[in-house]
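Listed here are the chains, written in short residue letters.
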Amino acid sequence: MKQQFRKQLFATFSGLILLGIFIGWNYILHLNSQQNNSNQVIMNEREHIPEKSGLTPIRLAYYDFESGDIANPDLHLSASGHQSNQSMKLDLRVPFSPGLWIQFKDLTHSDSSWIRASGYIWFSCPVSEVKCSLVATCNHKGINYKYMFIPLEKEDVKPNQWNKINIDYHIPPAPDKEDVLQAYFWYRGKGEILVDEIEVTFFRKSEIVK
């Protein structure tokens, strides 16, 4: 019993640390980009992975929030989810969801590489007040470039039910291997929404076997 308790405590503590790091890092990068955005390319026009691209999908990130302790307020969990028991609450205190944070040096990519980020959202306010974006971007020394976003208040979403949102993002060339590829939900409103089953898939050319 003691060993099981220690494992549960360690899992909860580790999840809290990772969540705090992700939210804090996104907040810092967001502020830096807002202050130094002269080279930032902001896009909200949709891109689409070609249907017959021949690209191989690889899952890079997935969050269903089922393993977190609902009794721990620091994890910001809700006791309902999309076909599950739990989801994550986004509000003024915790505006960023977990998602993808990976450096280019850890990716095997080419000019034809993409990511697809998706997730489910639930809200009870009017659609015009949802104020949440699904973001995909690259970051170079604290500055975002090719910043793409989908403002959910302009999407065909409905209150009081789970809505699936996704974004396709053509990965641009990186000035530096230390640059970061990111995808996440950013809540810009004053109320609260729920997010669940956040997934980021990487699409790249299959390796040619000789």
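Scroll up to find the structure this text is about.
Just so it is clear, the model here is predicted, and its values are computed rather than measured.

Visitor: Any chance you could break down the packing of aromatic side chains for me, citing the residues and the numbers?
Guide: Within the structure shown, the criterion is met by four aromatic pairs. Where Phe 96 meets Tyr 184, the ring centres are 5.6 Å apart and the plane angle is 80°; that geometry is what we call edge-to-face. In this pair, Phe 96 sits in the loop between strand S4 (87–90) and strand S5 (100–103) while Tyr 184 sits in strand S10 (residues 180–187), placing the two residues 88 residues apart along the sequence. As far as burial versus exposure is concerned, Phe 96 and Tyr 184 are alike and both buried. With centroids separated by 6.3 Å and ring planes inclined at 20°, the aromatic side chains of Phe 96 and Trp 186 adopt a geometry described as stacked.

Visitor: With reference to specific residues and values, describe the side chain of Ser 97.
Guide: As for its placement among the helices and strands, Ser 97 is situated in the loop between S4 and S5. Under the relative-accessibility criterion, Ser 97 is labelled buried at 0%.

Visitor: Break down the pairing of strand S6 (residues 114–122) for me, with residues and values.
Guide: Burial runs high along S6: seven of the nine residues are buried. Sheet topology note: the S6/strand S9 (residues 163–170) ladder contains eight bridges and is antiparallel. Opposite Trp 114, over in S9, you have His 170 as the bridge partner. Taken together, the eight bridges between S6 and strand S11 (residues 193–205) define a ladder with antiparallel strand orientation. Paired with Trp 114 across the strands is Phe 203, a residue of S11.

Visitor: Could you give an account of the nonpolar core, naming the residues involved and the relevant values?
Guide: Formed by 39 residues in total, the largest nonpolar core has its most connected members in Leu 90, Ile 115, Leu 152, Tyr 169, Leu 181, Phe 185 and Val 195. Broken down by secondary-structure element, the contributors of at least two residues to this core are S4, S5, S6, strand S7 (132–140), strand S8 (143–151), S9, S10 and S11. Each residue touching Leu 152, except ones within four places of it in the same chain, is listed here: Ile 121, Val 127, Val 130, Cys 132, Ser 133, Val 157, Ile 165 and Phe 185. If you look at the next biggest cluster of nonpolar residues, it comprises six residues, including Val 135, Phe 149, Tyr 184 and Trp 186.

Visitor: So what's going on with unusual backbone geometry? Residues and values would help.
Guide: Positive phi, close to 45°, is recorded for Lys 146, a residue that is not glycine. According to the relative accessible area criterion, Lys 146 is buried, its value standing at 12%. The backbone of Asn 160 shows a phi angle near 60°, a positive value even though the residue is not glycine. Mapped onto the secondary structure, Asn 160 falls in the loop between S8 and S9.

Visitor: Any chance you could break down the pattern of salt bridges for me, citing the residues and the numbers?
Guide: Per the counting criterion, the structure on display carries seven salt bridges. Measuring nitrogen to oxygen at the nearest pair gives 2.6 Å for the salt bridge that ties Asp 168 to Arg 116. With Asp 168 in strand S9 and Arg 116 in strand S6, the pair connects residues that are 52 residues apart, well separated along the chain. Asp 168 gets classed as buried once you look at its relative accessible area, which sits at 6%. Residue classification places Arg 116 among the partly exposed residues on the basis of a relative accessible area of 33%.

Visitor: Residues and numbers for the environment of Glu 192, please.
Guide: The topology assignment puts Glu 192 in the loop between S10 and S11. Here Glu 192 is in contact with Lys 89, Leu 90, Asp 91 and Tyr 187, once residues within four sequence places are set aside.

How each quantity is defined
- One numbering rule holds for all chains: residues counted from 1, following each sequence as written.
- Since the coordinates come from a predicted model, pLDDT governs what is reported: local features require at least 70, and pairs of side-chain atoms require 80 or more to be given and counted, while whole-chain, interface and lining totals use all residues.
- Only hydrogens and water are set aside; all other atoms, that is, all heavy atoms of the structure, feed into the side-chain values.
- Stacked, tilted and edge-to-face pairs are distinguished by plane angle, under 30 degrees for stacked and over 60 for edge-to-face with tilted covering the rest, among Phe, Tyr and Trp rings (Trp via its six-membered ring) whose centres lie within 6.5 Å.
- Helix numbers and strand numbers start at the N terminus; a helix is a DSSP run of H or I with at least 4 residues, a strand a run of E with at least 2.
- With a 1.4 Å probe rolled over the protein chains alone, any residue whose accessible area is under 20% of its type maximum counts as buried; one over 50% counts as exposed, and the rest are partly exposed.
- We call two strands paired when DSSP finds no fewer than two bridges between them.
- Take the buried residues of types Ala, Val, Leu, Ile, Met, Phe, Trp, Tyr and Cys, join any two whose side-chain atoms come within 4.5 Å, and each joined set is a nonpolar core.
- Pairs of residues are marked as contacts when any of their non-hydrogen atoms sit within 4.5 Å.
- For salt bridges, the criterion is a side-chain nitrogen of Lys or Arg within 4 Å of an Asp or Glu carboxyl oxygen.

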